[in-house]
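This is what each chain is made of:
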Amino acid sequence: MRRILGATRFVVVLPAIAAIIGAILLMLQGSVAVVLAVVDTVWFGAELKTTTVDVLTAVDAILLGTVLLVIGYGLYELFVDAEIAVPSWLRVNDLDDLKSKLIGVVVAIIAVVFVGILVDANRAADVLSYGVGAGALVAGLALFSFATRKDRAKPAQKAPDGESRPTD
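Residues numbered from 1 in each chain as written. Predicted model: local features only at pLDDT ≥ 70, side-chain atom pairs only at ≥ 80, totals over all residues. Heavy atoms only, no water.

Some remarks on the overall build of the protein
Under the convention used in this document: Secondary structure elements are defined from DSSP: runs of H or I of at least 4 residues count as helices, runs of E of at least 2 residues count as strands, and each element is numbered from the N terminus. Partly exposed residues are those whose accessible area sits between 20% and 50% of the maximum for their type, while under 20% is buried and over 50% is exposed, using a 1.4 Å probe and protein chains only. Residues are treated as being in contact if the distance between any of their heavy atoms lies within 4.5 Å.
Secondary structure summary: the protein contains 5 helices and 2 strands in total. The order of α-helices and β-strands along the protein, N terminus first, is α-α-α-α-α-β-β. Counting over 168 residues, the protein shows a buried share of 24%. In the protein, the proportion of contacts linking residues at least 24 apart, taken out of those at least 6 apart, comes to 63%.

Some details on helix α2 (residues 13–44)
Owing to its 3.6 residues per turn, the α-helix aligns residues three or four sequence positions apart on the same side. Under the convention used in this document: Take the residue count of a helix, subtract one, and multiply by 1.5 Å to get its expected span.
Between its terminal C-alpha atoms α2 stretches 45 Å, which fits the 46 Å expected from 32 residues at 1.5 Å a residue. All buried positions along α2 are accounted for by Ala 16, Ala 19, Gly 22, Ala 23, Gly 30 and Ala 37. Those residues of α2 hidden inside the fold are in contact with α3 (48–79). Of the residues flanking the end of α2, it is Gly 45, one or two places downstream, whose phi is positive at about 65 degrees.

Some remarks on a nonpolar patch on the surface
To keep things clear, this is the line we draw: Each patch is assembled from residues with relative accessible area greater than 30% and no salt bridge, linking like charges that lie within 9 Å and nonpolar side chains (Val, Leu, Ile, Met, Phe, Trp, Tyr) that lie within 5 Å. Here the open area of atoms and residues is found with the Shrake-Rupley method and a 1.4 Å probe, where only the protein chains shown may cover a residue. The term salt bridge refers to a pairing of a side-chain nitrogen on Lys or Arg with a carboxyl oxygen on Asp or Glu at a separation within 4 Å.
On the surface, Val 38, Val 42, Trp 43 and Phe 44 cluster together into a nonpolar patch covering about 520 Å² of accessible area. With respect to the element layout, Val 38 can be found in helix α2.

Comments concerning the packing of α2 against α3
Describing two packed helices takes the angle between their axes plus the distance from one axis to the other. To keep it simple, the criterion reads: Note on geometry: axes are C-alpha line fits, over the in-contact stretch for helices, and angles between N-to-C directions span 0 to 180 degrees. Just so you know how the angles are binned, under 35 degrees is roughly parallel, over 145 roughly antiparallel, 65 to 115 roughly perpendicular, and the rest oblique. Helix crossings fall into two classes, left-handed where the near helix is turned counterclockwise from the far one by less than a right angle and right-handed where it is turned clockwise. Classes in brief: Ala, Val, Leu, Ile, Met, Phe, Trp, Tyr, Cys and Pro nonpolar; Asp, Glu, Lys and Arg charged; the others, Gly included, polar.
At a minimum axis separation of 7 Å, α2 and α3 run at an interaxial angle of 165 degrees. For the element pair α2 / α3, the angle class is roughly antiparallel. At the point where α2 passes α3, the crossing takes the left-handed sense. For the contact of α2 with α3, the residue count by class is 21 nonpolar, 8 polar and 1 charged.

Observations regarding the environment of Ala 37
Tracing the backbone through its elements, the reader meets Ala 37 in helix α2. When the C-alpha positions of Ala 37 and Thr 52 are compared, they lie 8.7 Å apart, and in sequence the two are 15 residues distant. Apart from the residues within four sequence positions on either side, Ala 37 is in contact with Asp 54 and Val 55.

What about the pattern of salt bridges?
All told, the structure shown has 2 salt bridges when counted by the stated rule. For Arg 91, the salt bridge identified is with Glu 77, shortest N-O distance 2.7 Å. Here Arg 91, found in the loop between α3 and α4 (95–119), pairs with Glu 77, found in helix α3; they are 14 residues apart in sequence, far enough to count as distant. Exposure remark for Arg 91: the relative accessible area of 26% places this residue in the partly exposed category. By relative accessible area, which is 4% here, Glu 77 ends up buried. The shortest N-O distance in the salt bridge between Lys 99 and Asp 96 comes to 3.6 Å. A residue pair is termed a helical-turn pair when its members lie 3 or 4 positions apart in one helix, as Lys 99 and Asp 96 do in helix α4 at 3 residues.

Looking at the nonpolar core
Rules: Put simply, a nonpolar core is a bunch of buried Ala, Val, Leu, Ile, Met, Phe, Trp, Tyr and Cys residues held in one set by side-chain atoms that sit within 4.5 Å of each other.
Ranked by size, the top nonpolar core spans 13 residues in total, and within it Val 67, Val 70, Leu 98, Leu 102 and Ile 109 carry the most contacts. Secondary structure elements with two or more residues in this core: α3 and α4. For this core, the element with the most residues is α4, which contributes 5 residues. Residues within four places of Val 70 in sequence aside, it is in contact with Leu 90, Leu 98, Lys 101 and Leu 102.

Laid out in structure tokens, this is it:
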């Protein structure tokens with residue numbers, strides 16, 4: 001029974017691979033969109049605002065692809081093979097590592113989306129409401145990250161002489 005339960009961790013292979021395939025798709029689409037924005041600008045003289053919105057939309061797709069890639073690698077590392085060859089900054093040792101990496105990428109996506117709205121003249125009236133919403137979301141993520149992190153500073157301990165000293 002123990003062996004069967006242990007083998008169920010391999011069920012995660014399917015969503016990990018699906019996330020990586022989705023990441024590749026979004027990154028390809030974002031890259032193609034950047035190339036098309038360059039072509040529109042160089043050959044057809046697209047306006048700066050149009051180009052900016054097009055490029056930011058493409059970067060948003062690329063960042064979403066990055067989120068999926070981090071999820072795919074993280075799930076695979078956590079459940080299947082902890083020795084997968086990934087850069088040290090992408091190494092995931094536990095769910096807290098995965099959570100912090102995802103929060104960082106989500107904050108970057110929120111920033112890109114907000115800048116796209118800021119630049120888009122058609123949505124100028126929405127900038128304040130989107131800005132407040134984006135700020136509240138980023139603040140909430142920061143609070144969540146701070147409140148749930150495991151590596152908080154250790155409390156100071158009293159030394160035999162009565163002085164308070166931080167622990168290492």
